[in-house]
Amino acid sequence: GHDNIGNVIEVTSRKAKEALVSKAVGMKEKWKMPVLFYQLRGVTADQQKTLIMAAINALQEQNIHVRVVTFDGAATNMSTTAKNWVQLRAGCLLL
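This write-up is about the structure you can find in this document.

With that out of the way, let us pick up the overall build of the protein. Helices and strands together make up the secondary structure of the protein, namely two helices and four strands. Going residue by residue from the N terminus, the α and β elements of the protein occur as β-β-α-β-α-β. The contacts in the protein between residues at least 6 apart in sequence include a share of 50% that link residues at least 24 apart. Accessible area for the protein stands at about 6500 Å²; split by element, carbon and sulfur atoms hold 52% of it.

If you want it as structure tokens, here you go:
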């Protein structure tokens, strides 16, 4: 397929080669829920921050409070962390 990032960031006609996937996990109760799935061909740290914020805002609209965001060690993830440390939202710690 092609880049599919919904209406969150600009869509291109490039063929996707990756997927950005995220899920919410309960801290006090045992539950998991997929919250983000985008097919794309690369993403910048700023674009990733925009996508994460869209997911956080959607969760908060449903009264689900995000306390922690974690990543693996991919280069874009590390750049997102370095550029946006604790700037995502008050009360949300970016690790």
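Following the structure, the description resumes.
Moving on, we get to the pairing of strand 2 (residues 32-40). A regular strand carries its side chains on alternate faces of the sheet. Bridge count for strand 1 (residues 18-25) against strand 2 is eight bridges, and the pairing is antiparallel. Bridge pairing links S22 to L36 in strand 2. The antiparallel pairing of strand 1 with strand 2 creates a hairpin that spans six residues between the two strands.

Here we come to the environment of T70. The topology assignment puts T70 in the loop between strand 3 (68-69) and helix 2 (75-83). On the basis of relative accessibility, which here comes to 57%, the residue T70 falls in the exposed class. Along the sequence, T70 and T81 sit eleven residues apart, while their C-alpha atoms lie 9.3 Å from each other.

Attention now moves to the environment of L40. Within the secondary structure layout, L40 lies in strand 2. Taking the C-alpha atoms as reference points, L40 and K15, separated by 25 residues in sequence, lie 7.4 Å from one another.

One can find Q48 in helix 1 (residues 45-61). Residue Q48 is classed as buried on the basis of its relative accessible area, which comes to 3%. Beyond its immediate stretch of four places on either side in the chain, Q48 contacts L20, V43, F71, T76, N77 and T80.

A positive phi angle, near 65°, is found at N63, a position not held by glycine. Classification of N63 as exposed rests on a relative accessible area of 58%.

The subject of this paragraph is helix 1. The end-to-end C-alpha distance of helix 1, which contains 17 residues, comes to 24 Å, matching closely the 24 Å that a straight helix rising 1.5 Å per residue would cover. Residues of helix 1 that are buried: A45, Q48, L51, I52, M53, A55, I56 and L59. Where helix 1 ends, the next residue or the one after it, N63, has phi of about 65°, a positive value.

Cut-off values and rules
- Residues numbered from 1 in each chain as written.
- Predicted model: local features only at pLDDT ≥ 70, side-chain atom pairs only at ≥ 80, totals over all residues.
- Heavy atoms only, no water.
- Helix = DSSP H or I, 4+ residues; strand = E, 2+ residues; numbered from the N terminus.
- Contact = heavy atoms within 4.5 Å.
- Areas by Shrake-Rupley, 256 points an atom, 1.4 Å probe, with all protein chains shown as cover.
- Pairing = 2+ DSSP bridges.
- Buried < 20%, exposed > 50% of the residue type's maximum accessible area, 1.4 Å probe, protein only.
- Expected span 1.5 Å × (residues − 1).

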